[in-house]
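Reading the structure
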Amino acid sequence: WLYLSFLFFLASYTLIIDKRYQEKDNIISSVHTKVKGVAQTDERIWDTAEYTIPMQAIGSFFVITNFIMTENQLQMTCPEYPVAKAICSSYKSCKKGSVDHQSNGIQTGKCVDYNATIKTCEVMAWCPVESKKTAPVPAVLKSSEDFTVLIKNNIHFPKFNYTIQNIPPNFNTSCTFNKITSPLCPIFRLGDILQAANENFSEVAVEGGIIGIEINWDCDLDKWSYHCSPKYGFRRLDDKTTSQYPGFNFRFAKYHKLNSGEEQRTLIKVYGIRFDVLVFGTAGKFDFIELVTYIGSMISYFGLAVFVIDYYISLCSCCSCCKSPVKEYHFRKKYETVLNPRQVMYVSYVDEPHVTVIKKRLKTSLQRTEGDIFESHPEKFSDAVNCCTKDSNKDSVMEDQEMHTVQQRRPEGSSSGRPAWCCCGKCRPADKPHEQLCCRRKEGECITTSVLFERLVLSKDNLEDTLLYKEPFLDLNGENVNDKLRHCAFKKYIHWRFGSFDLEDRTVIPSCCRWKIRDTYPKVNGNYTGFKTT
């Protein structure tokens, strides 16, 4: 019961807390963002149009926090930036037409001065080439920490035809998100986002990074427990521990033409933070089929109670010091004690309308041992062998009349030498308790004196027909024919009194009937099994 109680508590808890009675539906979402803020550097003012870049992915936005600017570039020849493969000492070190993945152009085959101390291979490229390879520290636009972003998120659950957005009806445009004071405000300060993701904005702003803004919708659309509002979470998505290509950066150029018609550009390598808005969630609504399915699946776990307790008790049984009445009680309930077939006996009394079964060891005679009712009155003798018997219809009529006569008669006198357990006066003494059985429960006429016993059991013509029905070429004049007739008579009696041959191995034929059959069809040597012969 402790196990079942725990399982019931667990099933109920899961049903209510996890709402397993609801049908679920996945979310369809769209995201729109607007970044606001102004930053000032030594040279210029940066507004929204300059520090925000068009979306690079669905549901994301990028904010510039640092940059390297190379102005007034023209297509011409100039010294390469002094990387390892570009440094030279003579023309032999430079190969015309060579291109390296780290170079800014195509080598011309000349070795020229990069500055007063270093020579590099000359390249055909946008010159002058970019001169800085590392991001400025501190970040140029570190003040972008105070920028804000408005995130508009519309969601739809098609299965329930339900649509909602994250902007509340009484939206205050001057609010800023705070997990405690304003958990539903859709306006976020960039510095607060990185702080919630356990990151330092000033450090991330130098080389950039990728931050995830998670919007989780866990909606309950039932009228009695309705709620559907977003929960926001923040975490860093890129690996900040990598030493090669850390952060997030890319290059772009602004082009214009000079008065001479020559094209000129400004190359900008920007570092910044890309914010990915990740929307996920489910909605649930009560569904009767889901409830029935869950209850049906949980019922199977209750069936494990028998196995769990049985295993536990069996485990304890291995320890000799764990003997207790509980194990003995469990053993008696689990295993049914089956008696030896020899201890189960069926008897039929002519003055009782049912078959009696006895399932206990005999301490006295079988006649005086009480038993249980096995079935109602045995069916009348009817078998395929009746087609071989004479006057079978008359036998049925005589059976009904004789059964009534036998039960109504009382004995006119009894033999002075009859056993104490005999009620019909025809039984013979027997030593073994299971052989001490009479055809009657109370005093009365013996069944062997009835007409039906003579016709159904002892009739030689009837028995011979039965034997020939099974063995058409049986020699009825053989030496052992009496043995076959006697055994056939025993079976006739069993079928007549017990209604079936299924109980043949466990039925006990009364002493009077058994000896009547033996006297009619005796054995040659007079020795019989199971009863005294004198």
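Residues numbered from 1 in each chain as written. Predicted model: local features only at pLDDT ≥ 70, side-chain atom pairs only at ≥ 80, totals over all residues. Heavy atoms only, no water.

This part is about the overall build of the chain. Broken down by element type, the chain carries 12 helices and 18 strands. In the chain, which comprises 534 residues, the proportion classed as buried is 40%. Within the chain, contacts between residues separated by at least 24 positions form 66% of all contacts whose residues are at least 6 apart in sequence. Per element, the accessible surface of the chain, about 31800 Å² overall, is 53% carbon and sulfur. (Helix = DSSP H or I, 4+ residues; strand = E, 2+ residues; numbered from the N terminus. Buried < 20%, exposed > 50% of the residue type's maximum accessible area, 1.4 Å probe, protein only. Contact = heavy atoms within 4.5 Å. Areas by Shrake-Rupley, 256 points an atom, 1.4 Å probe, with all protein chains shown as cover.)

Counting across every chain of the model gives 16 salt bridges. A salt bridge links K240 to E199; the nearest nitrogen and oxygen atoms lie 3.2 Å apart. Residue K240 is found in the loop between strand 13 (230-236) and strand 14 (249-257), and its partner E199 is found in the loop between helix 3 (190-196) and helix 4 (201-207); the two are separated by 41 residues along the sequence. (Salt bridge = Lys/Arg side-chain N within 4 Å of Asp/Glu carboxyl O.)

With that settled, consider the side chain of T65. Note on placement: T65 falls in strand 6 (residues 60-79). Among the residues examined, T65 registers a relative accessible area of 1% and is labelled buried. There is a polar contact of 2.7 Å between the side chain of T65 and the backbone oxygen of A205. Residues within four places of T65 in sequence aside, it is in contact with A139, V140, L141, K142, S144, F201, A205, Y271, G272 and I273. (Polar contact = N/O pair within 3.5 Å; in protein donor to acceptor, adjacent residues only side chain to side chain.)

With their axes 6 Å apart at the nearest point, helix 9 (residues 451-458) and helix 10 (residues 460-470) run at an angle of 30° to one another. One way to sum up the angle between helix 9 and helix 10 is to call them roughly parallel. Residues R455, L456, V457 and L458 of helix 9 form the contact with helix 10, whose participating residues are K460, N462 and L463. Here the residues of the contact of helix 9 with helix 10 are counted per class, giving 4 nonpolar, 1 polar and 2 charged. (Axes fitted to C-alpha atoms, helices over the stretch in contact; angles between N-to-C directions. Parallel < 35°, antiparallel > 145°, perpendicular 65-115°, else oblique. Nonpolar A, V, L, I, M, F, W, Y, C, P; charged D, E, K, R; others polar.)

The next subject is the packing of aromatic side chains. Within this structure, the stated rule accounts for 21 aromatic pairs. Residues W126 and Y255 carry aromatic rings whose centres are separated by 6.0 Å and whose planes lie at 65° to one another, so their mutual orientation is edge-to-face. Remark: Y255 occurs in strand 14 and W126 occurs in strand 8 (residues 119-127); sequence separation between them is 129 residues. Connected via pairs of aromatic rings, a cluster forms that spans F177, F188, Y232 and F234. Looking at R514, its charged tip hangs above the ring of F490, at a distance of 5.4 Å from the centre. When the ring centre of W515 is taken as reference, the NZ or CZ atom of R518 above it lies at 5.0 Å. (Phe/Tyr/Trp six-rings, centres within 6.5 Å; stacked < 30°, edge-to-face > 60°. Lys NZ or Arg CZ within 6 Å of the ring centre and 35° of its normal.)

Nothing here speaks to function; it is geometry throughout.
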